[in-house]
Amino acid sequence: MSHDAIDKAFLLKNLMDSMADSIYFKDLQSRFILMNKSGAQWQGYDTPEGAVGKSDFDNYLEEDARRMFSDEQHIIETGEPLEGIEEQETWKDGQMAWVSTTKVPLRDSDGKIAGTFGVSRDITEHKEAEIRAASYANEIRAIKEELEEDLQMAGELQKTFFSGKYPCFPAGAGPEESCVEFLHRVEPCGDVSGDYCSILPLSATEAGIFLCDIRSTGVRAALGTALIRGIVQELSPLGLEPGAYLSRMNEMLLPLLSHEDLLLDITACYLLLDLTTG
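This text gives an overview of the structure that appears in the document. Just so it is clear, the structure is predicted and the values come from calculations on it, not from any experiment. (Residues numbered from 1 in each chain as written. Predicted model: local features only at pLDDT ≥ 70, side-chain atom pairs only at ≥ 80, totals over all residues. Heavy atoms only, no water.)

Another aspect to go through is the environment of M153. Inspection of the secondary structure assignment puts M153 in helix α4 (residues 124-159). Residue classification places M153 among the exposed positions, given a relative accessible area of 60%. Along the sequence, M153 and A222 sit 69 residues apart, while their C-alpha atoms lie 9.9 Å from each other. (Helix = DSSP H or I, 4+ residues; strand = E, 2+ residues; numbered from the N terminus. Buried < 20%, exposed > 50% of the residue type's maximum accessible area, 1.4 Å probe, protein only.)

Here it is in structure tokens:
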């Protein structure tokens, strides 16, 4: 062997053994004929020589080994390389990893294909992070869609709080005959707002008008108006006493909204309409 040939072999060996990537050569039957130290360590061999004559079927699950074999046979048959493909590998013990692989035809001195040559890089950590990120994105998307559906439902429910049916006076009169007309107009700042209105028939000549604004939007506003609505129904016996009515509402709301994360800014007024006195 010439001095130049020795130098080239020495340089090739040093290059291969210095690389962190797996470098390997295979024959026409996809059996290893040469491998660097990183490749041997990746494959579970004590030395590169221990891999000679072995194949992917010795280390990987049947399905993965067949895929690798099929890719290499396609290269041998067509001469077409595979460049930068990402593939998952599963060892026979169940351990899984991801690699980025480039495989090209290995040609002899006459240019005839004699096998394959490949370089594989471990991208397991990067790929798993990518998969986790995609999973998180899907979870966030699902949560967002669910919240949007809940918000839409809350908005539709809130619309029912503003009834178009008002009490008529005197008792038994129809809407056209009522001596008092009620009208409301709402322009919400979002799908769900913090506005609430309730008109309570208290007697044949009296009605309570409750107006409320919650300084919030979205789900917090919907929860707040639902809470207020429930309290309004419960306080109907105090409808003839505006001061007592609002004082009792404060007393009932305070324990429910005393936590810092539940704090809501609520403004309300209550009007008692008495038709006998005007």
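Here we take up the pattern of salt bridges. Scanning all chains against the criterion turns up eleven salt bridges. Notably, a salt bridge pairs D21 with R121, separated by 2.8 Å at the nearest N-O pair. You can see D21 sitting in the loop between α1 (3-18) and β1 (22-26) and its partner R121 sitting in strand β5 (residues 113-122), a full 100 residues away along the chain. Taking relative accessible area as the criterion, D21 reaches 10% and is therefore assigned buried. The closest approach of N and O atoms between E72 and K103, which form a salt bridge, is 2.7 Å. Taken together, the residues span a long stretch of sequence, with E72 in helix α3 (residues 62-78) and K103 in strand β4 (residues 96-107) at a distance of 31 residues. Through salt bridges with shared partners, a single network forms among K26, D56, E72 and K103. (Salt bridge = Lys/Arg side-chain N within 4 Å of Asp/Glu carboxyl O.)

With respect to burial, β1 is a largely interior element, five of its five residues being buried. Burial along β1 is two-sided: S22, Y24 and K26 facing one way and I23 and F25 facing the other are all buried. Bridge analysis of β1 against β5 gives five bridges, and the strand direction is antiparallel. The residue bridging K26 from the neighbouring strand is T116, located in β5. Direction of pairing for β1 relative to strand β2 (residues 32-35): antiparallel, over a ladder of three bridges. The partner of Y24 across the bridge, within β2, is M35. The antiparallel hairpin formed by β1 and β2 contains five residues in its connecting segment, where S30 sits at a positive phi of about 65 degrees. (Pairing = 2+ DSSP bridges.)

On to α3. End to end, α3 covers 24 Å across 17 residues, agreeing with the expected 24 Å (1.5 Å per residue, within 8%). Regarding α3, the residues found buried are D64, A65, M68, E72, Q73, I75 and I76. Along the axis of α3, the buried positions cluster into a sector of 165 degrees, meaning they face one direction only. Among the exposed residues of α3, those pointing more than 90 degrees away from its buried face are E63, R66 and E77. Elements in contact with the buried residues of α3: β1, β3 (82-90), β4 and β5. Once α3 finishes, G79 follows within two positions and takes phi at roughly 80 degrees, a positive value. (Expected span 1.5 Å × (residues − 1). Arc of directions from axis to C-beta. Contact = heavy atoms within 4.5 Å.)

Between its first and last C-alpha, helix α6 (residues 242-256) extends 22 Å over 15 residues, near the 21 Å set by a 1.5 Å rise per residue. Every buried residue of α6 is listed here: Y245, M249, M252 and L253. All buried residues of α6 lie within an arc of 95 degrees about the axis, which places them on one face of the element. Counted as exposed and oriented over 90 degrees from the buried face of α6: N250, L254 and P255.

Membership of the largest hydrophobic core comes to 16 residues, with the highest contact counts inside it found for F210, I228, V232, Y245 and M249. Looking at this core, the elements that each hand over two or more residues are β6 (195-201), β7 (206-214), α5 (218-234) and α6. Residue contributions to this core peak at four residues, all from α6. Setting aside anything within four residues of it in sequence, one finds F210 in contact with Y196, C197, S198, I228, V232, Y245, L246, M249, A268, C269 and Y270. (Core = buried A, V, L, I, M, F, W, Y, C linked by side-chain atoms within 4.5 Å.)

In this section: the sheet that holds β6. The strand order β6-β7-β8 describes an open sheet built from three strands, whose pairing is antiparallel. The sheet is open, and its two borders are formed by β6 and β8 (266-274), each paired with just one other strand. Strand-to-strand, the axes of this sheet are offset by a mean angle of 10 degrees, without reference to chain direction. Bridge count for β7 against β8 is nine bridges, and the pairing is antiparallel. When the sheet's bridge partners are listed, E206 is paired in β8 with D274. Across the sheet, α6 lies against β6, β7 and β8, angled at about 150 degrees from β8, the strand it touches most. (Axes fitted to C-alpha atoms, helices over the stretch in contact; angles between N-to-C directions.)

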